[in-house]
Every structure is written in C-alpha cells, then in structure tokens.
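Understanding the architecture of this molecule
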Number of protein chains: 2
Amino acid sequence: MAAIAANWRRLRDRVKPGTETAAVVKADAYGLGMGPVASALCAAGCGLFFVANLDEGLALRRILPDARIAILNGFALGTGREFARARLMPVLNDLGQIEAWRAKAMETRAPALLHIDTGMSRLGLPPRELDRLVESPDLLSGVELAAILSHLACADDRASPKNRLQRRDFRMALKRLPHAAAGLSASSGIFLGRSYHFDLVRPGAALYGVNPLVGRANPMIQVVNLKAKILQVREIDRGGTVGYGAAHRMARAGRVATVGVGYADGWFRSASPRASAGIAGRRVPVIGRVSMDLVTIDVTGIDPAHARVGAYVDLLDGAYGVNEFARDSGTIGYEVLTALGPRHHRIYRGDADS
Amino acid sequence: MAAIAANWRRLRDRVKPGTETAAVVKADAYGLGMGPVASALCAAGCGLFFVANLDEGLALRRILPDARIAILNGFALGTGREFARARLMPVLNDLGQIEAWRAKAMETRAPALLHIDTGMSRLGLPPRELDRLVESPDLLSGVELAAILSHLACADDRASPKNRLQRRDFRMALKRLPHAAAGLSASSGIFLGRSYHFDLVRPGAALYGVNPLVGRANPMIQVVNLKAKILQVREIDRGGTVGYGAAHRMARAGRVATVGVGYADGWFRSASPRASAGIAGRRVPVIGRVSMDLVTIDVTGIDPAHARVGAYVDLLDGAYGVNEFARDSGTIGYEVLTALGPRHHRIYRGDADS
C-alpha cells in the first residue's frame, strides 16, 4: 500500500504544476484489488479515478463515495439511471455515445469526458466524427465536458515519431472543440516530458510497479511480492526427466523442489524454461513445464535447511518483479498483474500514509 | 452443464467395466466454477473428486456433503483437524506426508491415497522412498489406503515410449505395496487404452472440452461459449494503424470493431495476431495487440447490421473453442480455461440430467 501511494506521489511530483494526477484502477486495480488500492490512492490525495466499464464504476462508487469516477468504455443506451445514481462520468467515444448521453445529460447536467482518437484506432472519435462534431456543435449542447482525452499508442517508445504526431493532432483537436481540461498521457506518456502532460495525466500500470520505461531502469517502486510453498523435495538422478512431456532432463544428479503455484495462479505456462525463483537469497531455475497448480525448480546446491518442505520460495520480489517475470514469459508486466489468480492469499501491507 | 455431464458419462462409458470414473475439479473446476460444475458431476453419478489443496477441499465439502474428496497436494502437519472435520483424503506424496498422516490416522482410521512417482518428478514417492516404504511396511501401519496413484507425463503423445515405461513401473510398484485400488490415468491416459485404466481414472480437462488427443479430432463436447460486446465501430483508411505499438497497419481501407474483452479477461495478449472471432457466422481476424480490456477485430466486409455497437462477437464457441484459441495463443486449453477472468458474466445453461 505504501509503495502504491509513493508511486502515485512520485508521478504527481513529476508532472508540471497545475496538472492533475488521476489513477486508473480498472480490471480490479490491475488485479491487485480495487478496494484496498483505490482507498490507498484516495488517501494519498488522488481525486479522479478511471475504470473500464459500468460494473467497475458501480463497485468503485461503493468504495469511494466522493471521488470523481470516469468510465473509459463510455456510455450505452439504457444505463443512464445507473450512471446518475452512482454519479459516474462516461468517456464519450463516438457520436453515438454523445447522442445517447446528451439525451440524458439534458436532464441531469452531469459531466462527461470526450475521447478523441489520434491514432490508436481503438476507442475515441475518429477524425471524420471529430469533423462532424466541429461542424455541428449542437451535438454537444447541454453536455458538460469535464475533460477531453486522447491515448498514445507508442508512449513506451520514446523514439517513436507517432508520439509527436499524436500530440500534434490532439492539440489541433483541442483548438476545434469547446475548452476543457485536456489529458493525453498514461504511465509511459508522463515520462515523455511536460509537453505531454496537459491538464491531466492518468497513470495505471506505473502505480503498480510496472516499468513505464521499456529497456531502461524502472523509476517506480515494486508493489507485489509473491511467495509459494515448497510441497516436496526430491533427489533426482542424472538423466531423470521432470514434468509434462518430460521436457526437462537433468544434466547431472540433483534436487528438485515442487512448489505450490501454477498457471491457474497466473504463473504463466510460457514462463518455462526461462523464469527463475528466489530461495535463500539465490536465484534458481524453473525447470520442466509449468503445470496448473505446480512448478518445479532446481534446488541442487541450495542448503536443504532452506530448500525444504514448507519453506517459501520468492516468485516476485524487489529483485525479480513483475517486469522481469513478464520478460521471461514473453509478455508485459500489465498481463502478469491481471493474471494473478484467486487462489493467492492476499495480504495488504504498509500504511498508504506512511 | 449438460455438456460437462455428457463428457463425464462419455468417459465413464469408455473405461473398462469395474473402473471408477472420478473427476478433477481443482482450480475452481479449471476456471469454470467449482460449485455448479461439481454439483453437475455429482448429479451425473460421479462419487470421487480431486482438488489441489486443502482450501479447495474445504470449499468442495460445503458443496458436496457426501462425495469422497481427495487432496492432490497431500497432507501438511497442523492441518489434521481440517481434514478430519471435512472428511478429506490426502494423496500422500512422500514419506514425510505419510509419517505426518499416520500419526493422525492412528486415531481416526480415515482413508488416504498414495502417490507413486513413475517419471513426472513432481509429486509422489520417488523410487528410493518407495524402496524404503517396501522395506519398512510399518511406515504404513494404521494407514487405510483408499487408492494408489501415479501420473503420466506424456499421455497426450500416444507414441511416447514413456507411457509404457510408466505403466510398467506403476505395475511393479503395485505388486510391492498393500493391495488397493489403482489409478494411473487422467484425461489423455484414458484414451491410451484399457491397460491404462486400472481401477480408477481421474479426468479433468476432457470434462471441460479440452481435447485429450493432441493433433486428432476432439472426442469431447465443447463446454464454454464466450461472447463479448462491440463497443465501437470505425472506418479506417488504408495505411491506418491499430492499437499499441501501431502493430497493425491496414493494407486497405476497412472497418474495425473494438470489443470489450482483453487480457485481463483471459483473452491472452499472445493471441494476437493469430486469433480470430466469430461474427454473423463468419471468422474475422483479431488485429493489433490485445490490450487489457479491449481487442480490435477487422469487420471489413461484414454486414454493418451485424458488426454494430452492442452486438455480440463469438470468442469461444463450438466452431472455435478452447483448443483452437489455445493453439492460436501458443498454449494449451487448460490454461485458456483457468485464465477466464472475473469480469465475465457467467451463465450456467443446460440441465446436467438432460
């Protein structure tokens, strides 16, 4: 909790004066638990939260009675009552959503955000719809715009020319639209510099320890520690095979520990054969295929007083965290976090105010 | 539910007369929900269930008051009271677990299972511990053996010589141990033939539609349908890029639909760029990188009456199920099932008795 709060403060202190630092807590706060995470961020001073969909917004409203909450997927017909009751703000992504919301907003004057697509081609008004909106400003009449957003496609690649192109197109769109707070950057975009901050940034992954700077030192604090217990330790002869498909063959006699974690817990099957685990301060290789509930590690050379039944193995920690495990599994830290499964006992440590 | 029950009956009818067909429901019944799944299997006639750990066993006991429940991870010191209260049977995996259980079993006469490792090197008595157990039968005195198990490492590969070697070693172990029901095969092992059935088989994945026959037609019924809604549809010009990293570039002008599912829902990031989705009876490609809450699909050429906001896209169905999605994502159906995330609205259809 303290690490999440510290990461949020670190980003807040990094953005230019006057820029609001929101927080993205969609997907159950990237798998870490929306309740404790959002509460910690709120206590740290965050006042604006983003979630993906209406269900998440309703859940977050029960956790944070006073925060501003924005729904990235926008607004769907027939959900106006839920939005109004929970005081949720949709991020309007196309003319259809604007029209649907406008009928509602005329009654309630509830604010909404507007999302302009500048090159993700995923959500947000495409260029032709932006043109239509500019030509027919009545389409927005009665809609109170709390902010205008766009989203960078290549923010984790400083060298990508797409960043500057998207910033240029976003600035041009802002000039053509009614004045509102502007926001372009999520975690990685914040590190592209002040000209990407505008009035509002919305970090998500960086709050949870994911490195926003691909290929460079991680400026964020690790948030998740993951441990699992050794269930069995066995001596194994040279040439013995381990796991499904007999995929690992021992080059020499040794000892293998079976650990109670598997891909059902988010310890990806693709983690073998590159991933490693920590035991007694040393790194040991994961060997054999990761199975649903179990992984096997080579503990040859580890003191049996440490590599013993009931001892904990470090799967994610400060030295080998979500970014390192993601690299070894062929994915990104974001997916490591959201895949952490329901069987883990979750313990929330550290005071967010400390 | 009907498909799961039918799959269980199909396997039961396949095994040789006198062989009991158990069911593996660990990892929340491979992600499908242990409550409804175990209830359906019980109603279909299954009387013996396997889970991975004590927590799962306690949860299953609350669902099925009368079933026999075995805990694959075995027994740990200090948990005897929970095992006794919930009438759980450990699968004893090493001499340490046997010793710990024996102290308990002397009081309660509660049955346990014994797991002999014949080549997985994961759980189960390694050869040297088996020798010691045979030399010192007192180690088992007072332990009522409900069954003796082993586990095949290469059952999904009919041609692997390891199958016959493990069967041979399992038979040899059985001759050296007190008589008890014997079980070697899980889903794939059942299809290796009657000589792999012994007294007990314990299918898991096949019950849930995972193909137990790698590279051949799936003998099981698909169980999971997965749909997600289209949130936005956009026209996109030739050369336009889609998603993070601008990873997809449109070879010609077309239409892109953004669908409300992502890797936080188990729609793996590794699914791009090979996976596809179904819409209006046609297959369309997933384009661009899968993101946390969203995927983009190319709906150029699909009638806009079908490819419209609010319409459902088929992500898993009878034509493109867990096995096909697993292939396109570089993993196995098992991991597809256990990764299905908490945001899906789960609807249990079909009467298990029908």
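As the structure is a computational prediction, the values presented were derived from the model and not from experiment. (Residues numbered from 1 in each chain as written. Chains lettered and ligands numbered in written order. Predicted model: local features only at pLDDT ≥ 70, side-chain atom pairs only at ≥ 80, totals over all residues.)

Here we come to the overall build of chain A. Regarding its fold elements, chain A presents 11 helices and 17 strands. Viewed in the frame of its principal axes, chain A has a C-alpha envelope of about 80 × 40 × 40 Å. A burial count over chain A gives 54% of its 354 residues as buried. Taking the intrachain contacts of chain A between residues at least 6 apart in sequence as the baseline, contacts between residues at least 24 apart amount to 62%. (Helix = DSSP H or I, 4+ residues; strand = E, 2+ residues; numbered from the N terminus. Buried ≥ 20, exposed ≤ 12 C-beta atoms within 10 Å, placed from the backbone. Contact = placed C-beta atoms within 7 Å.)

On to the interface of chain A and chain B. Listed by partner, the interface residues are 53 residues for chain A and 53 residues for chain B. Counting only elements with at least two residues in the side of chain A that touches chain B, the list comes to α2 (26-30), β10 (226-236), β11 (241-242), β13 (254-259) and α11 (333-339) of chain A. The element contributing the most residues to the side of chain A that touches chain B is β10(A), with 5 residues. Residue classes in the side of chain A that touches chain B are distributed as 23 nonpolar, 19 polar and 11 charged. (Nonpolar A, V, L, I, M, F, W, Y, C, P; charged D, E, K, R; others polar.)

So, on to the relation of the copies chain A and chain B. Superposition of chain A onto chain B requires a rotation of 180 degrees combined with a translation of 0.0 Å along the rotation axis, giving an RMSD of 0.0 Å. Here the transformation between the copies is reduced to the relation of a two-fold axis. Judged by C-alpha distance, Ala339(A) is the residue of chain A that lies nearest the rotation axis, at 3.5 Å. Comparing interface residues between copies, 100% of those in chain A also sit at the interface in chain B, which points to an isologous, same-surface contact. (Least-squares fit on C-alpha atoms with pLDDT ≥ 70 in both.)

In this section: the sheet that holds strand β6 (residues 111-115) of chain B. Residues and elements named next belong to chain B. Here 9 strands make up an open sheet; going across it, the order is β1-β9-β8-β7-β6-β5-β4-β3-β2 and the pairing parallel. The strands lining the two open edges of the sheet, one partner per strand, are β1 (20-21) and β2 (23-24). Taken together, the 3 bridges between strand β4 (residues 68-71) and strand β5 (residues 88-92) define a ladder with parallel strand orientation. Directly across from Ala70, in β5, lies its bridge partner Met89. Against the sheet, helix α4 (residues 54-63) contacts β3 (48-51), β4 and β5, and its axis sits at roughly 170 degrees relative to β4. (Pairing = 2+ DSSP bridges. Axes fitted to C-alpha atoms, helices over the stretch in contact; angles between N-to-C directions.)

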